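Observations on chain architecture
Below, each chain spelled out in residue letters.
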Amino acid sequence: MLEAVNLKKRYGDVLALRGLDLKVGPGEIYCLLGANGAGKSTTLNIFLGFVQPTSGVALIDTVDVVKDPVAARRSVAYIPETVTLYGPLSGVENLDYFSKLSGHKHPPEFLQSCLEQAGLAKEAHHRPLKTYSKGMRQKVGIAISIARDAKVLLLDEPTSGLDPKASNEFSQLILSMAERGATILMATHDLFRARETGTRIGIMKDGSLQKEFDAKKIGHRDLESEYLTTMQGG
Amino acid sequence: MGELNLLRREQIMVWIVIGLLVAMLFAAFSGRLLIAEKRSIASQADNEAQMLIASLKTQAAGGADTARSAGAVGYSVLAMPVSKAATPLEGLAIGQNDFLPETYRVTARGAHTFFGQSDPENSLRLALGNFDVAFIVIWVLPLLAIGLFFDIVVGERERGVLALASVAGASVGRIVRYKWWSRFSVLALLLAFALFLSALLQQGPWGTTTTFVLTGWIVTTIVYLALWCALALYVSTVTRSSESAATYLAGAWLVFVVLVPAIGNLLVTSVVPPPSRVELTATLREATEQADKAIAAQREQWFFDHPDVSGDMDRQAYYASVARSEAEIDKVMSPLLAEFAQNSRDQQRIVESLKYLSPSTLTFRALTALSGSDGDQHAAFRDAVIAFHEKWRRFFVSRIETAEAMTAEDYDRLPVFEPPAYETRAILRLLIAPMLVMLGLTCGLCFLASRRLRNPEDIFALSSQNRYS
């Protein structure tokens, strides 16, 4: 479970987060919408321990990310907007490299099964990553989280730049992970994908959560209208 | 093994290995040819002199006038070539050997007659230029370090590796340390191997001194490499993008490898300009004319007073007058030559004090000292030549003054040049301070970098996408 309590973050003169309160439970996919600079990535970065909050508390499975970042990250996986990794290495080798970095040595069969679960075709497993499309690279990112058996998934604009088919495949993967009980927080600009994939949607502006919706109870047009109204200051 | 596998797959590493080996071996071969040519010229000159001495000895035993005349032999016939002793692996760093003479032809005349002369032109130097292993180390090695290390932190952050790995439970510091050591070890081993091959390409027997010099070379270049790798690491932790890191490091290379040594040279020649060679030549001409006039007058007076003398007495009288003439010229020229020598020492002193401004000058100084081609060892050679010249001159002038004929045995008693020895302890003492300074800087930069790596926010907050969104 993810929880933010009155979370604030200041970068010099800029207040990037103004007291964010948020709760995401197991099996839930919470989509954070907002323009650039709204505070979406800062929220994710605080949960990831990359950025320290100025005040407030961020909890992952009741563990404070500031007080015990190592324990907090133990069940977390992260997929950034662009998963570049190492071009000369294959998908399996990249997965192996990251497993070793986190102190795990998995057999090749296990690594290949992770890639398969992430939706990467078998024929691509041993090809250099530089020959992969962006969607295929995102799948390697997912495979890294599967290999770690992550219970919490933090996604930073993961479908940005993907073609509709790849984006849809990615959404299906996320949904299947949520069905298996994963807690998912996803920052995105993609209103359509947020409504299709998410269980709840929050619209952020100027560092605070302005509006929150149940994804199943709001239509696409209404969501777009709410989003535009919020962005225009309504 | 993951990092090594990655390096093996990256094209850049393959090119670095091939490029460094080829360049080093070519430079080593070029250095070997240059030194071999120098040594061959010196050895040929020495052989010719020894053959001439043997011939003069035979002639003196047979009573030939020229061979028995100390004046004729000392002033005209015999010019003794003296050469700087060969040092182990000197072909790796040509250093000052490139423009300071390594062979002088000493006669009984004043020092000005041979200190003004240059080495016989080495045709290979004209063909190959100043391309030696020291050049590769000083100029090219930092570029290789920059190429391999500039994005070690910032590039990994841009690729998302640090974020993914950090979330996966690995500490950013541990990942970077692992990558840094893997890359540094590969480069250091490659460098040591290339230096070993370069040393094998050099001439001369392999003794303990050669091992000392090679070890010194390997240690010095690895410390120099470590400093550049540490600088690249630090810059990579404080910059926002790989492009900025590469730009800053290219700037550092330009400043430390090119500009600081160039400005240092400019400063040395501005603060301590060398005395004018034109003035030296003009003074020499004037002093020679004055001395010749005075001696000619004395000679005329002597013949006027001794109308009955001829033959040997003429020759003796002539060379006695030449000796007086040389002594007069020496009186005028000695201060000027001393001024040149002092100027050279002053320049060397300033170079010594400026060397700490750049790791490149520190390393170059250390490498040329190890290869016996630095300014200090040339100054010691010059001092030894001056001492030898004084003995040589006295040997002949004393015989001229006492009108003593040269005997065959005298040719066995000719003074022998003793070149200064290569002092490994002195070289070692000279290396300690520069090495400690460079190691200190390396540790300092690594410490600053690891302090930044300890706090993930320092690394991740640098990314502009993390800053305001």
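Residues numbered from 1 in each chain as written. Chains lettered and ligands numbered in written order. Predicted model: local features only at pLDDT ≥ 70, side-chain atom pairs only at ≥ 80, totals over all residues.

What follows is about the overall build of chain B. Each helix and strand in chain B was counted, giving 20 helices and two strands. Of the contacts formed within chain B by residues at least 6 apart in sequence, a portion of 86% connects residues at least 24 apart. (Helix = DSSP H or I, 4+ residues; strand = E, 2+ residues; numbered from the N terminus. Contact = placed C-beta atoms within 7 Å.)

Within chain A, the regular secondary structure consists of eight helices and 10 strands. Overall, chain A is about 50 × 40 × 30 Å in size when its C-alpha atoms are taken along their principal axes. Buried positions account for 47% of the 234 residues belonging to chain A. Residue pairs at least 24 apart in sequence account for 67% of intrachain contacts in chain A once pairs closer than 6 positions are excluded. (Buried ≥ 20, exposed ≤ 12 C-beta atoms within 10 Å, placed from the backbone.)

Across the contact, 35 residues belong to chain A and 24 residues belong to chain B. Contributions of two or more residues to the side of chain A that touches chain B are made by β2 (14–24), α1 (40–48), β6 (76–79) and α3 (91–101) of chain A. Grouping the amino acids of the side of chain A that touches chain B by side-chain chemistry returns 19 nonpolar, 11 polar and five charged. (Nonpolar A, V, L, I, M, F, W, Y, C, P; charged D, E, K, R; others polar.)

A turn of α-helix holds 3.6 residues, and therefore any two residues three or four places apart point the same way. Counting buried positions over the 11 residues of α3 of chain A gives 10, a clear majority of the element. Within the sequence span of α3 of chain A, burial applies to G91, V92, E93, N94, L95, D96, Y97, F98, S99 and L101 of chain A.

As a further point, take the sheet that holds strand β5 (residues 63–64) of chain A. Residue and element names in this part refer to chain A. Taken in spatial order, the four strands make up an open sheet running β2-β1-β4-β5, and their pairing is antiparallel. Each edge of the sheet is formed by a strand with only one pairing partner; in this case those strands are β2 and β5. Summarising the sheet, strand β1 (residues 2–11) and strand β4 (residues 55–60) pair through five bridges and their orientation is antiparallel. Bridging from a neighbouring strand, E3 pairs with L59 of β4. (Pairing = 2+ DSSP bridges.)

The subject of this paragraph is the domain arrangement of chain A. By convention, interface size is frequently given as the accessible area that disappears when the constituent parts associate. All names here are of chain A. The domains assigned to chain A are domain 1 (1–75 + 152–189 + 209–234) and domain 2 (83–150). Relative placement of domain 1 and domain 2: their C-alpha centres are 25 Å apart. Counting residues at the interface gives 11 residues for domain 1, matched by nine residues for domain 2. Of all the secondary-structure elements, those providing two or more residues to the side of domain 1 that touches domain 2 are β7 (152–156) and α6 (164–179). Here the element with the most residues in the side of domain 1 that touches domain 2 is α6; it accounts for four residues. (Domains from an automatic or database assignment.)

Remark: a regular strand shows side chains that alternate across the two faces of the sheet. Residues and elements named next belong to chain A. Examined bridge by bridge, β1 and β2 share eight bridges and lie antiparallel to one another. Bridged to L7 within β2 is L20. Adjacent in sequence and paired antiparallel, β1 and β2 are bridged by two residues, among which G12 carries a positive phi angle near 60 degrees.

Here the focus is helix α4 (residues 108–117) of chain A. All names here are of chain A. Every buried residue belonging to α4 is among L111, C114 and L115, and all of these are buried. Take α4 and look down its axis: the buried residues cluster within an arc of 95 degrees, on one side only. Along its buried surface, α4 packs onto α3 and α5 (134–147). Where α4 ends, the next residue or the one after it, G119, has phi of about 90 degrees, a positive value. (Arc of directions from axis to C-beta.)

In this section: the environment of I218 of chain B. Residue and element names in this part refer to chain B. Inspection of the secondary structure puts I218 in helix α11 (residues 208–238). Residue class for I218 comes out partly exposed when judged on the 18 C-beta atoms lying within 10 Å of it. Sequence separation between I218 and L195 is 23 residues, and the spatial gap between their C-alpha atoms is 7.0 Å. Discounting residues that sit within four places of it in the chain, I218 has contacts with A192 and L195.

What follows is about the sheet that holds strand β8 (residues 183–188) of chain A. Residue and element names in this part refer to chain A. Ordered in space as β6-β7-β8-β3-β9-β10, the six strands form an open sheet in which the pairing is mixed. Two strands in the sheet have a free side with no partner beyond their single neighbour: β6 and β10 (208–214). On average, adjacent strands in this sheet sit at an angle of 15 degrees to one another, irrespective of strand direction. Of the pairings in the sheet, the one linking β7 to β8 comprises five bridges and is parallel in character. (Axes fitted to C-alpha atoms, helices over the stretch in contact; angles between N-to-C directions.)

Attention now moves to the nonpolar core. What tends to happen in soluble globular proteins is that the nonpolar side chains get buried as a cluster. Counting 150 residues, the largest nonpolar core has A143 of chain A together with A145, A232 and L233 of chain B as the members making the most contacts within it. The element contributing the most residues to this core is α11 of chain B, with 16 residues. Both domains that meet at this core, namely domain 1 (1–75 + 152–189 + 209–234) and domain 2 (83–150) of chain A, each give it at least three residues. L56, A320, F381 and Y411 of chain B belong to the second-largest nonpolar core, a separate cluster that totals 27 residues. (Core = buried A, V, L, I, M, F, W, Y, C linked by C-beta atoms within 7 Å.)

Another aspect to go through is the packing of helix α12 (residues 242–271) of chain B against helix α15 (residues 359–370) of chain B. All names here are of chain B. Where α12 meets α15, the axes come as close as 8 Å, and the angle between the chain directions of the two elements is 75 degrees. Viewed along their axes, α12 and α15 adopt a mutual orientation that is roughly perpendicular. Here F256, V257, V260, P261 and G264 of α12 come into contact with α15, specifically with P359, S360 and T361. Looking at the contact of α12 with α15 residue by residue, the classes come out as five nonpolar, three polar and no charged. (Parallel < 35°, antiparallel > 145°, perpendicular 65-115°, else oblique.)

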